[in-house]
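# Results of the structural survey
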Amino acid sequence: MAEHADRAAQTTHPAYPVGLRLAGRRVVVLGGGQVAQRRLPALIAAGADVLLVSPSATPSVEAMATSGEIRWERRRYQEGDLDGAWYVLVASSDPEANRAASAEAERARVWCVRSDDADAATAWTPATGRDEGVTVAVLTGRDPRRSAAVRDAIVEGLREGTLAAPQHRTRTPGVALVGGGPGDPDLITVRGRRLLAEADVVIADRLGPRDLLDELPPHVEVIDAAKIPYGRAMAQEAINEALIEHAMAGKAVVRLKGGDPFVFGRGMEEAQALARAGVPCTVVPGISSSISVPGAAGIPVTHRGVAHEFTVVSGHVTPDDDRSLVDWAALARLRGTLVLLMAVDKIGAIAEALVAHGKDPGTPVALVQEGTTAAQRRVDATLATVGERARAEQVRPPAVIVIGDVVAVAADTRVATAGAPRTAAGAVPAPADADPTGAAPGRG
Ligand SMILES: C[S@@+](CC[C@H](N)C(=O)[O-])C[C@H]1O[C@@H](n2cnc3c(N)ncnc32)[C@H](O)[C@@H]1O
């Protein structure tokens, strides 16, 4: 009777939210299944001294025990297991053990979460998320999906800067070299997007997620790196100077680059110039077009049994150019995938060099222009035909060129890839302009 009265009282009152500081404190977890698998990482991150009591565990939970992140006693629950515990998670598949552990927790005044019976629990786990030192914890009582939805909305708003939350901390000082990904605004990292939302000045390249610039508040100064005055040869120096000047004026500066800053992105040159000037620099990696653009066109750069390596090569100079640092003869001997960037103009000469060094002229080639944007298009060819096809189809930069058998792997597979333009059915359009010679897919 008393228990029923207690339960009624518990359900009519809202839960009292609190942040537990569990570092070094004993937490007992009963059951090593999916619930434990989901909850353990946060307990480990909180520094808790976790004891898992369970006859079995999922492979992921077992790995946590093997790596020493938790202690695991492979047995059923027994009275006394909660000795010294501050908190207990009851999540076993044995109802009797769950009830007994819950009763022990009640007697010992240990807060107890129950995955099988929320009403019988003395504590509930909120839906949690984190952003920049802020922990968001949402409880809605009986509606975990709503809790998760509210949590997602808040965390996303904080990350994207769309939720106005005054910040009393200092912003990231200096310059952030942010890899913006291949072009689809959804393909920038969370950190990159947050730094963009905090910026006073953004110096952006032609490539990358240009759409994001529209979202910046009016006070943000957006500088088009391509339009910084000085001759072409001076351009990089001028960009470096602009970065330094704005950072030294106390502005939060983002250098927004396409793809990853360190993949043909001159990111290290900028980082070095900033270091010489004593300006702090944060590098935020990005999704490189070298992998993501083929992927968006349905081409995996590796595939089991087809390609065990991929090589990313700059094709901005022809193979016979004295400035070339590329060993084209060695590349021609590789069985794996070649991914060429900045190679649209020189693809004819590059294909000839590869064939001259022994590569099969029938090797499939795909050119993917403006990958991950609404203007994405794919042209298929072979090494023998690619120079002519690129001209005839008027392929223009930016394009990623993929050479190798992986090009043909997915020709008959419709895959939806994040960021790729989709058909109404949600699938990536099949290559519309397959080689009329019949050489692709497969070898001609
Ligand atoms: C100067 S490099 C910069 C690469 C960049 N840092 C990266 O990691 O993707 C520019 C080249 O990247 C490739 N590229 C970048 N974005 C692309 C896109 N959306 N579609 C096709 N190619 C792209 C093109 O080959 C282009 O000429």
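Quick caveat, the model's predicted, so the values are computed rather than measured. (Residues numbered from 1 in each chain as written. Predicted model: local features only at pLDDT ≥ 70, side-chain atom pairs only at ≥ 80, totals over all residues.)

## Considering the site of the ligand
Of all residues adjacent to the ligand, which total 23 residues, the nearest are Gly-259, Val-263, Ser-288, Ser-289 and Gly-371. Broken down by secondary-structure element, the contributors of at least two residues to the shell around the ligand are helix 10 (289-296) and strand 17 (399-403). Take the shell around the ligand: its biggest share by element is 3 residues, from helix 10. Residues lining the shell around the ligand come from more than one domain, with at least three contributed by each of domain 2 (181-284) and domain 3 (290-409). (Near = placed C-beta within 6 Å. Helix = DSSP H or I, 4+ residues; strand = E, 2+ residues; numbered from the N terminus. Domains from an automatic or database assignment.)

## Side note on the environment of Val-29
Topologically, Val-29 is positioned in strand 1 (residues 26-30). Judged by the 28 C-beta atoms lying within 10 Å of it, Val-29 is buried. Between the C-alpha atoms of Val-29 and Val-88, which are 59 residues apart in sequence, the distance is 5.8 Å. The residues contacting Val-29, other than those within four sequence positions of it, are Ala-36, Leu-40, Val-50, Leu-52, Leu-89 and Ala-91. (Buried ≥ 20, exposed ≤ 12 C-beta atoms within 10 Å, placed from the backbone. Contact = placed C-beta atoms within 7 Å.)

## Some points on the sheet that holds strand 16 (residues 377-382)
Ordered in space as 13-14-17-15-16, the 5 strands form an open sheet in which the pairing is mixed. Here the strands that pair on one side only, and so sit at the sheet edges, are strand 13 (310-314) and strand 16. Each strand of the sheet is rotated relative to its neighbour by a mean of 20°, with strand direction disregarded. In terms of strand pairing, strand 14 (residues 337-341) meets strand 17 through 3 bridges, oriented antiparallel. Note that in strand 17 the partner of Leu-338 across the bridge is Ile-403. Set on the sheet, helix 10 makes contact with strand 13, strand 14, strand 15 (364-369) and strand 17; between it and strand 17 the angle comes to about 80°. (Pairing = 2+ DSSP bridges. Axes fitted to C-alpha atoms, helices over the stretch in contact; angles between N-to-C directions.)

## A word on the sheet that holds strand 12 (residues 281-284)
Strand order in the open sheet formed by 5 strands is 10-9-11-8-12, and the pairing between neighbours is parallel. In the strand order of this sheet, the two ends are held by strand 10 (221-224) and strand 12, each with one partner. Across the sheet, the mean angle separating the axes of adjacent strands is 20° when strand polarity is ignored. As judged from the 5 bridges shared by strand 8 (residues 175-179) and strand 11 (residues 253-257), these two strands associate in the parallel manner.

## Quick look at the nonpolar core
Leu-340, Val-365, Ile-401 and Val-402 are the most contacted members of the largest nonpolar core, which totals 40 residues. Each residue touching Val-365, except ones within four places of it in the same chain, is listed here: Ala-381, Thr-382, Leu-383, Val-386, Ile-401, Val-402, Ile-403 and Val-407. (Core = buried A, V, L, I, M, F, W, Y, C linked by C-beta atoms within 7 Å.)

## Some points on unusual backbone geometry
In the segment running from Pro-397 into Pro-398, the intervening peptide bond is cis, with an omega of 0°. Among the structural elements, Pro-398 can be located in the loop between helix 13 (386-392) and strand 17. The phi torsion at Phe-264 lies on the positive side, around 50°, for a residue other than glycine. Mapped onto the secondary structure, Phe-264 falls in the loop between strand 11 and helix 9 (267-276). Phi at Glu-370 is positive, roughly 50°, even though this residue is not glycine.

## Comments concerning the pairing of strand 14
Taking burial as the measure, the 5 residues of strand 14 include 5 buried ones, the bulk of the element. Pairing geometry for strand 13 and strand 14, over 5 bridges, is parallel. The partner of Ser-314 across the bridge, within strand 14, is Leu-341. Where the polypeptide runs from strand 13 across helix 11 (residues 328-333) and back to strand 14, its parallel neighbour, the crossover connection is right-handed. (Right-handed = clockwise from strand over helix to strand, strands pointing away.)

## Details of helix 4 (residues 95-108)
The end-to-end C-alpha distance of helix 4, which contains 14 residues, comes to 20 Å, matching closely the 20 Å that a straight helix rising 1.5 Å per residue would cover. Restricting attention to buried positions, one finds in helix 4 the residues Asn-98, Ala-101, Ser-102, Glu-104 and Ala-105. Down the axis of helix 4, the sector holding all buried residues measures 160°, keeping them to one side. Opposite its buried face, helix 4 presents the exposed residues Pro-95, Glu-96 and Arg-107, each directed more than 90 degrees away. Looking at the packing, one finds that the buried side of helix 4 touches strand 1, strand 4 (87-90) and strand 5 (111-114). Just past helix 4, the residue Arg-109 takes up positive phi, approximately 60°. (Expected span 1.5 Å × (residues − 1). Arc of directions from axis to C-beta.)

## Focus: the packing of helix 2 (residues 34-45) against helix 3 (residues 59-66)
In the contact formed by helix 2 and helix 3, the axes pass within 9 Å of each other and the chain directions differ by 30°. The angle between the axes of helix 2 and helix 3 places the two elements in the roughly parallel class. Once helix 2 is placed against helix 3, the crossing between them reads as left-handed. Taken together, the residues of helix 3 that come into contact with helix 2 (itself represented by Ala-36, Gln-37, Leu-40 and Ile-44) are Ser-60, Val-61 and Met-64. In terms of residue class, the contact of helix 2 with helix 3 is built from 5 nonpolar, 2 polar and no charged. (Parallel < 35°, antiparallel > 145°, perpendicular 65-115°, else oblique. Left-handed = near helix turned anticlockwise from the far one by under 90°. Nonpolar A, V, L, I, M, F, W, Y, C, P; charged D, E, K, R; others polar.)

## Brief notes about helix 9
Burial in helix 9 covers these residues: Gly-267, Glu-270, Ala-271 and Leu-274. For helix 9, the angular spread of buried residues about the axis comes to 100°, placing them on one side. Opposite the buried face of helix 9, by more than 90 degrees, sit the exposed residues Met-268, Gln-272 and Arg-276. Next to the buried residues of helix 9 lie strand 8, helix 8 (235-248), strand 11 and strand 12.

## Side note on the environment of Ala-297
Along the chain, the position of Ala-297 falls in the loop between helix 10 and strand 13. Judged by local crowding, Ala-297 falls into the buried class, with 27 C-beta atoms found within 10 Å. In sequence terms Ala-297 and Gly-371 are 74 residues apart; their C-alpha atoms lie 7.3 Å from each other. Not counting chain neighbours up to four residues away, the residues in contact with Ala-297 comprise Ala-366, Val-368, Gly-371, Gln-376 and Arg-378.

That's the geometry; what it means functionally is another story.
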